[in-house]
Amino acid sequence: MKKRPLSDYQVRWWNWVRQLYPGYFASVMATGIVSIALLLNRAVLVSVILGWLGGGLFLLLLALYLLRLVRYPREVLQDATDPGKLFGYFTAVAAPGVLATRAALSHWIGLPVLLIAFAAGIWCFLIYWAFAVLLFRNERPLQRAVNGSWLISIVGTESLAINWTVLATFWPEQASVLQLVAYAFWTLGVLLYLIFITFIVYRFFFGKILPADLTPPYWINMGTMAITTVAGIRLLQAPHPAPLLVSVHSYITGFTLMMWAWGTWWLPLLVLIGIWKYGIMRQPLRYEPALWSIVFPLGMYATALHLLGQLPGIAFFEAVAAPFTWVAFSAWLLVMGGWFFSVGRTLSRLRARAQASETPPLAVSEH
């Protein structure tokens, strides 16, 4: 039988799946962390809604990425060997990690364990795959390869550091081992950050930067420090700390505050970059999946402020955390609204095109 030609809707759909952004799980990360920040801010109803929405997005995107892997394996492999896109896949580590933490805050047990196991498995594969690609395959110079998405690997690592502390509360008898693993992941994330941020700062300050180079994932510069701060605080707040954590308590405290300070320094600079790119250089501001990489750092920074306010002597952070939480939620609303508007506009254009193709030509009257 002769195959029926695909409709415009089908063609557009499969093209979208073929070109699916590797870091789309950032939408789940953003939704989950804003949900956590809202919960800490006692906006329980909105937090629950976003928590369930984040879970739904995770399942939807998981199905879409599996569909892309089955139908377009060549495109998946191209992205997975491209240093400019590869690290976006680490959002598949951080997304279930954030959802696991949110579920644990609602006193779930089975679901967080399942999500953490999934995240840990993906991390173990991706971390060595990424470095193998850089070591054996990459031939691009630094200025063409490195970008802000590289730091998502640190976000995934620090997310797991938080997750191990969550598991330690579930299994107190294994707390000493899990706390050691959490500390190891926290430290590994810091060391990877020091390596990657050196490349990024070098590119920023000693190379020619165009507006198109300053993509939204550069906000992860701040988000990485925010999640490192949160992971450090979770280690400090671990119930029944093992002797190891007790011995390094002062070090974790000092380094955690240093990471918060460095992340805070980035915040005004990132705002200035946005003003320069969209205000002065007149780059068009439209929805793109990478915009979720702005929402996540804002939500994580708000969460860090909430948790910092729980440490002795700096309770005043809570006063700043509340308004910052609503800033993060407002950013989430804007990006989600842009996503819906983008989808609606695309569907409207396809509908208009279909109607135009079905309209018969006007008859010419004879005189």
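Residues numbered from 1 in each chain as written. Predicted model: local features only at pLDDT ≥ 70, side-chain atom pairs only at ≥ 80, totals over all residues. Heavy atoms only, no water.

Account for the side chain of Glu158, naming residues and giving values.
Inspection of the secondary structure assignment puts Glu158 in helix α8 (residues 152-170). We note that Glu158 is buried and unpaired, the nearest opposite charge coming from Arg234 at a distance of 11 Å. Setting aside its immediate chain neighbours within four residues, Glu158 contacts Phe185, Trp186, Gly189, Val190, Ile227, Thr228 and Ala231. (Helix = DSSP H or I, 4+ residues; strand = E, 2+ residues; numbered from the N terminus. Buried < 20%, exposed > 50% of the residue type's maximum accessible area, 1.4 Å probe, protein only. Lys, Arg positive; Asp, Glu negative; His and termini not counted. Salt bridge = Lys/Arg side-chain N within 4 Å of Asp/Glu carboxyl O. Contact = heavy atoms within 4.5 Å.)

I'd love a proper account of the environment of His249, names of residues and values included.
With respect to the element layout, His249 can be found in helix α12 (residues 249-280). Considered as a pair, His249 and Gly232 are 17 residues apart in the sequence and their alpha carbons are 9.8 Å apart.

Report on the packing of aromatic side chains, specifying residues and quantitative values.
Enumeration according to the criterion identifies 36 aromatic pairs in this entry. Considering the side-chain rings of Trp14 and Tyr72, the 6.5 Å spacing of their centres and the 65 degrees angle between planes classify their relative orientation as edge-to-face. On the criterion of sequence distance, the pair formed by Trp14 in helix α1 (residues 8-18) and Tyr72 in the loop between α3 (44-71) and α4 (73-80) is long-range, its members being 58 residues apart. The class for Tyr72 is buried, based on a relative accessible area of 8%. Residues Trp150 and Phe196 carry aromatic rings whose centres are separated by 5.3 Å and whose planes lie at 70 degrees to one another, so their mutual orientation is edge-to-face. Placement of Trp150 in the loop between α7 (142-145) and α8 and of Phe196 in helix α9 (residues 175-206) is noted, with a sequence separation of 46 residues between them. Residue class for Phe196 comes out buried when judged on its relative accessible area of 2%. (Phe/Tyr/Trp six-rings, centres within 6.5 Å; stacked < 30°, edge-to-face > 60°.)

Please provide a residue-by-residue account of a nonpolar patch on the surface, values included.
On the surface, a nonpolar cluster with roughly 610 Å² of combined accessible area is contributed by Val44, Val48, Trp52, Trp108, Leu111 and Leu114. Counting only elements with at least two residues in the nonpolar patch, the list comes to α3 and α6 (110-137). Sort the elements by how many residues they give to the nonpolar patch and α3 lands first, with three residues. Tracing the backbone shows Trp108 in the loop between α5 (91-105) and α6. Judged by its relative accessible area of 39%, Trp108 falls in the partly exposed class. (Patch = residues over 30% accessible without salt bridge, like charges linked within 9 Å, V, L, I, M, F, W, Y side chains within 5 Å. Areas by Shrake-Rupley, 256 points an atom, 1.4 Å probe, with all protein chains shown as cover.)

Let's hear about the pattern of salt bridges: which residues, and what values?
A complete count under the given rule lists five salt bridges for this structure. Note that Arg18 and Glu75 form a salt bridge whose closest N and O atoms lie 2.9 Å from each other. Of this pair, Arg18 sits in helix α1 while Glu75 sits in helix α4, and the two are 57 residues apart along the sequence. Assessed through its relative accessible area of 31%, Arg18 is described here as partly exposed. Between Asp79 and Arg68 there is a salt bridge, and its shortest N-O distance comes to 2.8 Å. Here Arg68 lies in helix α3 and Asp79 lies in helix α4, a separation of 11 residues in the sequence. Across the pair, exposure class does not vary: Asp79 and Arg68 are buried alike. Residues participating in the shared-partner salt-bridge network are Arg68, Asp79 and Lys85.

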